[in-house]
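Chain by chain, the residues run as shown.
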Amino acid sequence: MPRILIAEDDRRTRESLERALTIEGYEVMAVNDGAAALDVHESTPVDLLLLDVSMPNVDGLSVCRRLRDRGDDTPVLMLTARHEIDDRVAGLDAGADDYLVKPFALPELLARVRARLRSTGDADESLTLAGLRIDVDGRRADVQGRPIDLSRTEFDLLEILVRNRGVVLSRVALYDAVWDGELEPESKTLDVYVGYLRRKLEFDGNPRLIHTVRGVGYVARESE
């Protein structure tokens, strides 16, 4: 299980990232400034750092420079509200591996996280459940060897459910992860997309893989 450290001083952003990455199956630690990030990484080395550029005490650029100066090549993904070319260049010159400007779409962030981890050999490339196989990198899926056509949202939802197979995910958690928390938990959008997935997965009598847990949410598991 890859370990990710988030250093972000905005509480809402930090907690949202922590929830989303935990749902994705990563072990996540989160702090609110660069000095704490350096302390945590020194005591418990991580596989990837997400650093906000503008933080109190020690900013993200300084954290990255200090890591590189001591020979630490842990992948760094820089997060910032700045969008000028000079700011991006400064981040890369400090040793960052990638740069993402806020506000960003969660699926893009997750894709970049997977890419950075894949470069170190720590990212899973496929997920399986019963006869279902998901090619995460290629964004393809098949059931019993038969490809299924999925929209972007359908794929994101299916990937998160299968990545957390056996774990009941609440409606709030799924709305956060797939729709960036833009929909209210009472919305029926999630139920509609679960219906789409079930129709595509359960052809020719294939068993149900996405189960409803009333009053909570959904879970991906083999039928009993």
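J.: Hey, could you run me through the overall build of the protein chain in this one?
T.: Of the regular secondary structure elements, the protein chain holds eight helices and twelve strands. Computed over the C-alpha atoms, the radius of gyration of the protein chain is 19 Å, within 12% of the 17 Å expected from 2.2 N^0.38 for a compact globule of 224 residues. Each principal axis of the C-alpha atoms in the protein chain carries an extent, and together these give about 60 × 35 × 35 Å. Every one of the 224 residues in the protein chain was classed for burial, and the buried ones make up 47%. For the protein chain, long-range pairs separated by at least 24 residues make up 56% of all intrachain contacts whose partners lie at least 6 apart in sequence. Considering the protein chain, the positive charge centre built from 31 side chains and the negative charge centre built from 43 side chains are found 5 Å apart.

J.: Looking at this model, I keep getting lost on the packing of aromatic side chains. Mind explaining?
T.: One pass over the structure, following the stated rule, counts three aromatic pairs. Ring centres of Trp179 and Tyr193 lie 5.7 Å apart, and the angle between their planes is 65°; this geometry places the pair in the edge-to-face category. Pair noted here: Trp179 is in helix H7 (residues 171-179) and Tyr193 is in helix H8 (residues 189-201), with a separation of 14 residues, a long-range link. A ring pair is formed by Tyr193 and Tyr196, whose centres lie 5.2 Å apart and whose planes are at 75°; its orientation type is edge-to-face. A residue pair is termed a helical-turn pair when its members lie 3 or 4 positions apart in one helix, as Tyr193 and Tyr196 do in helix H8 at three residues.

J.: What exactly am I supposed to notice about unusual backbone geometry here?
T.: Most of the time, phi is negative for any residue but glycine, and the peptide bond is trans. One non-glycine residue, Asn57, lies in the positive phi region at around 70°. Residue position: Asn57 is located in the loop between strand S3 (48-52) and helix H3 (60-69). When its relative accessible area of 69% is taken as the criterion, Asn57 is described as exposed. Of note, the phi angle at Asp204 is positive, near 55°, even though the residue is not glycine. Within the secondary structure, Asp204 sits in the loop between H8 and strand S11 (210-213). Given a relative accessible area of 72%, Asp204 falls into the exposed group.

Conventions we followed
Residues numbered from 1 in each chain as written. Predicted model: local features only at pLDDT ≥ 70, side-chain atom pairs only at ≥ 80, totals over all residues. Heavy atoms only, no water. Helix = DSSP H or I, 4+ residues; strand = E, 2+ residues; numbered from the N terminus. Rg over C-alpha atoms; globule rule 2.2 N^0.38 Å. Buried < 20%, exposed > 50% of the residue type's maximum accessible area, 1.4 Å probe, protein only. Contact = heavy atoms within 4.5 Å. Lys, Arg positive; Asp, Glu negative; His and termini not counted. Charge placed at Lys NZ, Arg CZ, Asp CG, Glu CD. Phe/Tyr/Trp six-rings, centres within 6.5 Å; stacked < 30°, edge-to-face > 60°.

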